[in-house]
Amino acid sequence: MNTEASFNAITPPNYQGWAIRMEAYLDAIDVWKAVEQEYEIPPLPNNPTMAQIKNHKDRKQQKSKARASLFSEYEGDEKVRGVKELNLCREFELEKMKESETIKEYSDRLLGIVNNVRLLSTDFSNSRIVQKLLVTIPKRFKTTISSLKNMKDPSTITLAEFLNALQA
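Residues numbered from 1 in each chain as written. Predicted model: local features only at pLDDT ≥ 70, side-chain atom pairs only at ≥ 80, totals over all residues. Heavy atoms only, no water.

Now for a nonpolar patch on the surface. A cluster of nonpolar side chains, Leu44, Met50 and Ile53, forms an exposed patch at the surface whose accessible area comes to about 290 Å². Mapped onto the elements of the fold, Met50 is located in helix H4 (residues 50-94). (Patch = residues over 30% accessible without salt bridge, like charges linked within 9 Å, V, L, I, M, F, W, Y side chains within 5 Å. Areas by Shrake-Rupley, 256 points an atom, 1.4 Å probe, with all protein chains shown as cover. Salt bridge = Lys/Arg side-chain N within 4 Å of Asp/Glu carboxyl O. Helix = DSSP H or I, 4+ residues; strand = E, 2+ residues; numbered from the N terminus.)

See the structure below:
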């Protein structure tokens, strides 16, 4: 297995800082040499001595500890992502259009939040944004929304169509 290719597949966004922290941490728990030195753990020979058994077990354990530490750090990043996503979704749900705001300003604000959620690899549908706009825009747009609903089924209105109709 090409370890460099598999390592690159999970490279965190701030790799330099992460690499320094991980090296220090792995060195502190005495498994850095398992990462630094690329070595294979040969199988035990027939009738191994106690020293060979202990050495085999130690080398195997160091590789496993190092791998587990790396993956736990990666999962931590996933937890942070989840919390960020939750906060952004909450922010999206709490947004309301101000009376003094234009549709463009409000939709830009909402789309900024949505784009940040999507950057976290979360599916966020345009129909959800349309629904949010339908329930949070001021009453002065009621006639526009009514005529739009009369022309088209609200569930099939695209975000672009909806924003264009409101801005017109």
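A cluster of acidic side chains, namely Glu23, Asp27, Asp30 and Glu36, defines a negative patch on the protein surface. Here Asp27 is to be found in helix H2 (residues 15-28). (Lys, Arg positive; Asp, Glu negative; His and termini not counted. Charge placed at Lys NZ, Arg CZ, Asp CG, Glu CD.)

This part is about the packing of helix H7 (residues 142-151) against helix H8 (residues 159-167). At a closest axis distance of 10 Å, the pairing of H7 and H8 adopts a crossing angle of 135°. As the angle between them shows, H7 and H8 are arranged oblique. Seen from above, H7 lies across H8 with right-handed handedness. Here Thr144, Ile145 and Leu148 of H7 lie close against H8, whose contacting residues are Phe162, Ala165 and Leu166. Residue classes in the contact of H7 with H8 are distributed as five nonpolar, one polar and no charged. (Axes fitted to C-alpha atoms, helices over the stretch in contact; angles between N-to-C directions. Parallel < 35°, antiparallel > 145°, perpendicular 65-115°, else oblique. Left-handed = near helix turned anticlockwise from the far one by under 90°. Contact = heavy atoms within 4.5 Å. Nonpolar A, V, L, I, M, F, W, Y, C, P; charged D, E, K, R; others polar.)

Let us look at the environment of Thr102. Here Thr102 is to be found in the loop between H4 and helix H5 (103-119). Residues Thr102 and Leu166 lie 64 residues apart in sequence; the distance between their C-alpha atoms is 9.7 Å.

The contact between H5 and H8 brings their axes to 10 Å, and the two run at 155°. The orientation of H5 with respect to H8, classified from their angle, is roughly antiparallel. The segment H5 lies against H8, with Ile103, Lys104, Ser107 and Leu111 engaging Leu159, Leu163, Leu166 and Gln167. Taken together, the residues of the contact of H5 with H8 break down into five nonpolar, two polar and one charged.

What follows deals with H8. Three or more residues of H8 are buried, namely Leu159, Phe162, Leu163 and Leu166. The buried residues of H8 occupy an angular sector of 95° when projected down its axis, which confines them to one face. The inward-facing, buried residues of H8 contact H5, helix H6 (126-136) and H7. (Buried < 20%, exposed > 50% of the residue type's maximum accessible area, 1.4 Å probe, protein only. Arc of directions from axis to C-beta.)

Looking at the secondary structure, you find Thr136 in helix H6. Within the structure, Thr136 has its side chain in polar contact with the side chain of Tyr106 (distance 2.6 Å). (Polar contact = N/O pair within 3.5 Å; in protein donor to acceptor, adjacent residues only side chain to side chain.)

Each aromatic ring pair is summarised here by two numbers: the centre-to-centre distance and the angle between the ring planes. Here the structure, examined in full by the defined rule, presents one aromatic pair. Relative to Phe124, the ring of Phe92 has its centre 4.9 Å away and its plane inclined at 85°; by these criteria the two rings are edge-to-face. Here Phe92, found in helix H4, pairs with Phe124, found in the loop between H5 and H6; they are 32 residues apart in sequence, far enough to count as distant. The pair Phe92 / Phe124 is uniform in exposure class, with both members buried. Over the ring of Phe92 we find Lys132, and its NZ or CZ is 5.7 Å from the ring centre. (Phe/Tyr/Trp six-rings, centres within 6.5 Å; stacked < 30°, edge-to-face > 60°. Lys NZ or Arg CZ within 6 Å of the ring centre and 35° of its normal.)

Time to look at the environment of Leu86. One can find Leu86 in helix H4. On a C-alpha basis, the gap between Leu86 and Val117 in space is 8.8 Å, while along the polypeptide they are 31 residues apart.

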